[in-house]
Amino acid sequence: MDRNQKLNMLFDAFAEELNITRTMFDKAERAYNALGDYIKGNNQDWDVKVIPQGSFALGTVVKPIAEEGQYDVDLVVLVQSPRMRADILRNRVYEMLENHGRYEGKIENKKPCIRIQYADSAQFHMDVASAQPIINDLPKLNIAKLDEEGLYKYDPSNPLGYIDWFKRVMNYERVREA
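Residue positions are counted from 1 within each chain, in the order its sequence is given. Thresholds applied to this predicted model are a pLDDT of at least 70 for local features of residues and 80 or more for the giving and counting of side-chain atom pairs; totals over whole chains, interfaces and linings are not thresholded and use all residues. For side-chain calculations, the full set of non-hydrogen atoms in the structure is used, while hydrogens and water are omitted.

1. Describing the pairing of strand β2 (residues 71-81)
- Partly exposed describes any residue whose relative accessible area lies between the buried limit of under 20% and the exposed limit of over 50%, with all areas from a 1.4 Å probe on protein chains only and scaled to the type maximum. Each helix is a run of DSSP H or I of at least 4 residues and each strand a run of E of at least 2, with the numbering of both proceeding from the N terminus. The element β2 is extensively covered by neighbouring structure, given that eight of its eleven residues are classed as buried.
- In this structure, strand β1 (residues 47-53) lies alongside β2, joined through seven bridges in antiparallel fashion. When the sheet's bridge partners are listed, Lys49 is paired in β2 with Leu78.
- At least two bridges found by DSSP between two strands are what make those strands a pair. Pairing geometry for β2 and strand β5 (residues 124-133), over eight bridges, is parallel. Paired with Leu75 across the two strands is Val128, which belongs to β5.

So this is what it looks like as structure tokens:
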């Protein structure tokens, strides 16, 4: 075996050790699908999508270093209509999650998102961003965030565009099939 083959084997073993297990990925995927179904089902007047973002959407999830560490699942609750102010959107999403028995006592309001802390045995938490599309500038979004003065403001972001760009640059489907 030559040096390059040995390095490739080492790299593959290292990558496998860092990667999320299929079981954990499936558990997190079921949790964010259930969250999406709940939000959609309880907002008949909303045109809403729940979209994964960050490492789960990119396929770059890394196993936590510590045994008690957690996977971070990032989601966007994209409310396309009705249009509303950042504080109203964020508070409605927060209240909806708070009123669901499953998430009781597990919700934390953070500056950029609402965190749902699952049981320790689940080994993950979900960070839920509340957003509306930026009209005439799709796929960019306005993310409802808490500012330094304690007020909710929209912060423009482009998580969907970033995902598309990343997958294009990385030849995502080809790499995923390998």
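From this point, the narrative continues.
2. Description of the packing of aromatic side chains
- Note on ring pairs: Phe, Tyr and Trp rings are taken, using the six-membered ring of Trp, and paired if centres are within 6.5 Å. Classes follow the plane angle, with under 30 degrees stacked, over 60 edge-to-face and the rest tilted. All chains considered together, the criterion is met by five aromatic pairs.
- The interplanar angle of 35° and the centroid separation of 5.6 Å between the aromatic rings of Tyr162 and Trp165 together place this pair among those described as tilted. Of this pair, Tyr162 and Trp165 both sit in helix α5 (residues 159-169), three residues apart, which is roughly one turn of the helix.
- Ring geometry for Tyr162 against Phe166: centres 6.3 Å apart, planes inclined by 35°, an arrangement best described as tilted. Of the two residues, Tyr162 and Phe166 are both situated in helix α5; the distance of four residues between them amounts to about one turn of the helix.
- Chaining the aromatic ring pairs together yields one cluster made of Tyr38, Tyr103, Tyr118 and Phe124.

3. Regarding helix α4 (residues 86-99)
- By this rule the span expected of a helix is its residue count minus one, scaled by 1.5 Å. With 14 residues, α4 extends 20 Å between its outermost C-alpha atoms, agreeing within 8% with the 20 Å of an ideal straight helix rising 1.5 Å per residue.
- For α4, every residue scored as buried is listed here: Ala86, Leu89, Arg90, Val93, Tyr94, Met96 and Leu97. Buried residues in α4, looked at end-on, bunch into an arc of 160°, giving them a common side. Note: the arc covers the axis-to-C-beta directions of the helix.

4. Section: the pairing of strand β4 (residues 114-117)
- Pairing of strand β3 (residues 107-109) with β4, which is carried by three bridges, proceeds in the antiparallel orientation. Residue pairing across strands places Asn109 opposite Ile114, the latter belonging to β4.

5. As for the pattern of salt bridges
- Counted as salt bridges are all cases of a side-chain nitrogen of Lys or Arg within 4 Å of a carboxyl oxygen of Asp or Glu. One pass over the full model with this rule turns up seven salt bridges.
- The salt bridge involving Arg85 is made with Asp87; its shortest N-O contact spans 2.9 Å.
- Judged by relative accessible area, Arg85 falls into the exposed class, the value being 53%.
- Given a relative accessible area of 24%, Asp87 falls into the partly exposed group.

6. Some details on unusual backbone geometry
- With an omega of 5°, the peptide bond between Ser81 and Pro82 qualifies as cis.
- Secondary-structure assignment places Pro82 in the loop between β2 and α4.
- Phi is positive for Asn136, which is not a glycine, with a value near 65°.
- With respect to the element layout, Asn136 can be found in the loop between β5 and β6 (141-146).
- Assessed through its relative accessible area of 79%, Asn136 is described here as exposed.

7. Topic: the confidence of the model for the protein
- In this model, the protein carries a mean pLDDT of 83, and residues with pLDDT of at least 70 account for 86%.
- Highest mean pLDDT in the protein belongs to strand β7 (residues 152-157) (95); lowest belongs to helix α6 (residues 172-177) (58). The predictor rates its confidence in each residue with pLDDT, a number between 0 and 100.

8. With respect to the nonpolar core
- Residues Leu35, Phe124 and Met126 are the most contacted members of the largest nonpolar core, which totals 33 residues.
- At the level of elements, α2 (22-41), β1, β2, α4, β4 and β5 are the ones that each hand at least two residues to this core.
- The leading source of residues in this core is α2, at eight residues.
- Every residue in contact with Leu35, bar those within four places of it in the chain, is listed here: Leu75, Leu97, Tyr103, Ile116, Met126 and Val128.
- Ala129, Ala131, Leu141 and Leu160 belong to the second largest nonpolar core, which has eight residues in total. Residues belong to a common nonpolar core when they are buried Ala, Val, Leu, Ile, Met, Phe, Trp, Tyr or Cys residues joined through side-chain atoms within 4.5 Å. Only heavy atoms enter the contact rule, under which two residues are in contact if any of them lie within 4.5 Å.

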